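Chain by chain, the residues run as shown.
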Amino acid sequence: QKLTFSLKIAISSSLSKIHLNVSHGRLCASSTSFSQRNNSSSANLKVDHDQTTGVAVMHMQSPPVNSLSLDFLTEICITLEKLEMDKGCRGLIITSSQPKVFSAGLDILEMYGKSPERCGEFWKAVQEMWLKLYGSNMVTIAAINGSSPAGGCLMSITCDYRIMADNPRYSIGLNETMLGIVAPFWFKETMVNTVGHRNTEISLELGLLYKPAEALNIGLVDQLVPEDQVLSAATQTMTKWLAIPEHARQITKSMMRKSTIEKLRSNREADIQNFVNFITKESIQKSLRMYMEMLKQKKA
Ligand SMILES: CCCCCCCCCCCCC/C=C/C(=O)SCCNC(=O)CCNC(=O)[C@H](O)C(C)(C)COP(=O)(O)OP(=O)(O)OC[C@H]1O[C@@H](n2cnc3c(N)ncnc32)[C@H](O)[C@@H]1OP(=O)(O)O
């Protein structure tokens, strides 16, 4: 059955024991035990949930570079909702199973040559992922074991804490300007809330991508560790965060993030319309095409 994205999200809360598989905008459900086993996997996500510690590790495994397509975003949202509703899950670590890349950000192909309706559906899914992660009651830690440009950086800075692999070949940042596009206000505000106004201004205007040491220097990430220790360091940090009185931590997090979240929540439709109008402009489509060509040339 074909379901709209919003319907999928609405019904997902009642699917706590259902194995989900999202493919080409379709949601298929088969009756396996998500919560009885400690592990679950859908097409592009593997979730290891340790019931004794209350920590889930979400491995992104969408080849080649974990770019955030509509299908992938839908999978992520459904998984986040299931974990959020699960009282046995108090902490979430997000990491990548793809070599060298945490996430390449939004899937450029979702923004190129698509109908306004499809662009709108895509953007709603991007909003949904951000709202779920930024507003999560769980402790969220990004274990950044590869490059994390644009939407990948956004995903990281919606988490409570960021640990990055100390590998100078990797980079992180909101580089939208370099694609000829503009980071919307809620990307910008998440960045301001992380690294402050001045760093954000420079970073966004120039579309900067930071090497790990530079990212640490401006506070874009909180800790650098050798590549093979990213996950273990995230697990250690999680233990510390989970030792804090939960209710007090959650209220404090909400207090810090509420105004940014409310601003998007109360303007979702206008924000979608802004995105659709912007991204479907001929000049923007041309910029995206040139950027994609540049990516291909870089390979050749
Ligand atoms: C008046 C005010 C108006 C304001 C209105 C605002 C409205 C909103 C405007 C729009 C806002 C949009 C926000 C956008 C956010 C984004 O996230 S855009 C995506 C940005 N991402 C990038 O720039 C990353 C590009 N990719 C890379 O730099 C590299 O791929 C990598 C991640 C560093 C990995 O490198 P490497 O391991 O060398 O792999 P590659 O060979 O480069 O790539 C492998 C294949 O993957 C394809 N690919 C890479 N990234 C993407 C992507 N993001 N989307 C889709 N596909 C991607 C790449 O082309 C390769 O493909 P093949 O050649 O076919 O193998």
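- Named according to an unreviewed UniProt entry, the protein chain is Enoyl-CoA delta isomerase 1, mitochondrial originating from Poecilia formosa.
- Reading the Function (unreviewed entry) entry of the UniProt record for the protein chain gives the comment "Key enzyme of fatty acid beta-oxidation. Able to isomerize both 3-cis (3Z) and 3-trans (3E) double bonds into the 2-trans (2E) form in a range of enoyl-CoA species, with a preference for (3Z)-enoyl-CoAs over (3E)-enoyl-CoAs. The catalytic efficiency of this enzyme is not affected by the fatty acyl chain length."

Details of the nonpolar core
Then step 1. If you look at the biggest cluster of nonpolar residues, it comprises 70 residues, and the most contacted ones within it are L73, I93, I141, A143, I144 and I172.
Then step 2. The element best represented in this core is helix 3 (residues 116-134), accounting for 9 residues.
Then step 3. For L73, the residues in contact, after removing those within four places along its chain, are L68, A125, V126 and M129.

Some remarks on the sheet that holds strand 4 (residues 45-50)
Then step 1. Read from one edge to the other, the open sheet built from 7 strands follows the order 3-4-5-6-7-9-11, with strand pairing classed as mixed. Both edges of this open sheet fall to strand 3 (39-42) and strand 11 (223-225), since each of them pairs with a single strand only. For this sheet, the mean inter-axis angle between neighbouring strands, taken without regard to orientation, is 20°.
Then step 2. When strand 9 (residues 161-165) meets strand 11, the two strands line up parallel, connected through 3 bridges. Across the sheet, the residue bridging to I163 is Q223, located in strand 11.
Then step 3. The sheet contacts of helix 2 (residues 70-85) involve strand 3, strand 4, strand 5 (55-60) and strand 6 (91-96), and relative to strand 4 the element is tilted by about 10°.

Details of the site of the ligand
Then step 1. Surveying the vicinity of the ligand reveals 28 residues, the closest of which are A104, G105, L106, A150 and G151.
Then step 2. Contributions of two or more residues to the shell around the ligand are made by helix 10 (268-279) and helix 11 (282-299).
Then step 3. Ranked by the residues each element gives to the shell around the ligand, the list is headed by helix 10, at 4 residues.
Then step 4. A breakdown of the residues in the shell around the ligand according to their chemical character gives 17 nonpolar, 6 polar and 5 charged.

Observations concerning the pairing of strand 6
A regular strand places its side chains on the two faces of the sheet in alternate fashion.
Then step 1. Most of strand 6 is tucked away, with 6 of its 6 residues classed as buried.
Then step 2. Both faces of strand 6 are covered, namely the face carrying G91, I93 and T95 and the face carrying L92, I94 and S96.
Then step 3. Strand direction decides the pairing type here: strand 5 and strand 6, joined by 6 bridges, are parallel. The partner of M60 across the bridge, within strand 6, is S96.
Then step 4. Remark: the strand 5/helix 2/strand 6 crossover connection has right-handed handedness.
Then step 5. Assessed by its sense of winding, the connection that carries the chain from strand 6 through helix 3 to strand 7 (residues 139-144) is right-handed.

Some remarks on helix 8 (residues 230-242)
Then step 1. The end-to-end C-alpha separation of helix 8 is 18 Å, in line with the 18 Å expected for 13 residues at 1.5 Å each.
Then step 2. Regarding helix 8, the residues found buried are V230, A234, T237 and M238. Down the axis of helix 8, the smallest arc covering the buried residues is 110°, so these residues share one side. Turned more than 90 degrees away from the buried face of helix 8 sit S232, Q236, T239 and K240, all of them exposed.
Then step 3. In this structure, the buried side of helix 8 is in contact with strand 5, strand 6, strand 7, strand 9 and strand 11.

Examining the environment of T239
Then step 1. Mapped onto the elements, T239 comes out in helix 8.
Then step 2. For the pair T239 and G54, spaced 185 residues apart in sequence, the C-alpha to C-alpha distance is 10.0 Å.

Observations regarding the packing of helix 5 (residues 185-195) against helix 9 (residues 246-265)
Then step 1. Running from amino to carboxyl end, helix 5 crosses helix 9 at an angle of 180°, the nearest separation of the two axes being 10 Å. Classified by the angle their axes make, helix 5 and helix 9 are roughly antiparallel. Touching W186, E189, T190 and N193 of helix 5 are T260, K263 and L264, all from helix 9.
Then step 2. Classifying every residue of the contact of helix 5 with helix 9 gives 2 nonpolar, 3 polar and 2 charged.

Things to note about the packing of helix 3 against helix 9
Then step 1. As a packed pair, helix 3 and helix 9 sit with axes 11 Å apart at the nearest point and diverge in direction by 155°. One element, helix 3, and the other, helix 9, form an angle in the roughly antiparallel class. In this structure, helix 3 meets helix 9 at a crossing whose hand is left-handed. On the side of helix 3, the interface is formed by Q127, L131 and Y134, while helix 9 contributes R257, I261, L264 and R265.
Then step 2. The residue makeup of the contact of helix 3 with helix 9, split by class, is 4 nonpolar, 1 polar and 2 charged.

Here's the deal with the pairing of strand 4
Then step 1. Two elements, strand 3 and strand 4, share 4 bridges in a ladder whose sense is antiparallel. Within strand 4, the position partnered with N39 by the bridge is D48.
Then step 2. Connecting strand 3 to the antiparallel partner strand 4 that follows it, the hairpin turn spans 2 residues.
Then step 3. Where strand 4 lies against strand 5, 6 bridges are found, and the strand directions are antiparallel. From the neighbouring strand, D48 faces strand 5, where its bridge partner is V57.
Then step 4. Taken together, strand 4 and the strand that follows it, strand 5, pair antiparallel across an intervening segment of 4 residues, in which G54 is found at a positive phi of about 75°.

About the criteria used
- Residues numbered from 1 in each chain as written.
- Predicted model: local features only at pLDDT ≥ 70, side-chain atom pairs only at ≥ 80, totals over all residues.
- UniProt positions renumbered as here; feature names shortened; annotations may be inferred.
- Core = buried A, V, L, I, M, F, W, Y, C linked by C-beta atoms within 7 Å.
- Buried ≥ 20, exposed ≤ 12 C-beta atoms within 10 Å, placed from the backbone.
- Helix = DSSP H or I, 4+ residues; strand = E, 2+ residues; numbered from the N terminus.
- Contact = placed C-beta atoms within 7 Å.
- Pairing = 2+ DSSP bridges.
- Axes fitted to C-alpha atoms, helices over the stretch in contact; angles between N-to-C directions.
- Near = placed C-beta within 6 Å.
- Nonpolar A, V, L, I, M, F, W, Y, C, P; charged D, E, K, R; others polar.
- Right-handed = clockwise from strand over helix to strand, strands pointing away.
- Expected span 1.5 Å × (residues − 1).
- Arc of directions from axis to C-beta.
- Parallel < 35°, antiparallel > 145°, perpendicular 65-115°, else oblique.
- Left-handed = near helix turned anticlockwise from the far one by under 90°.

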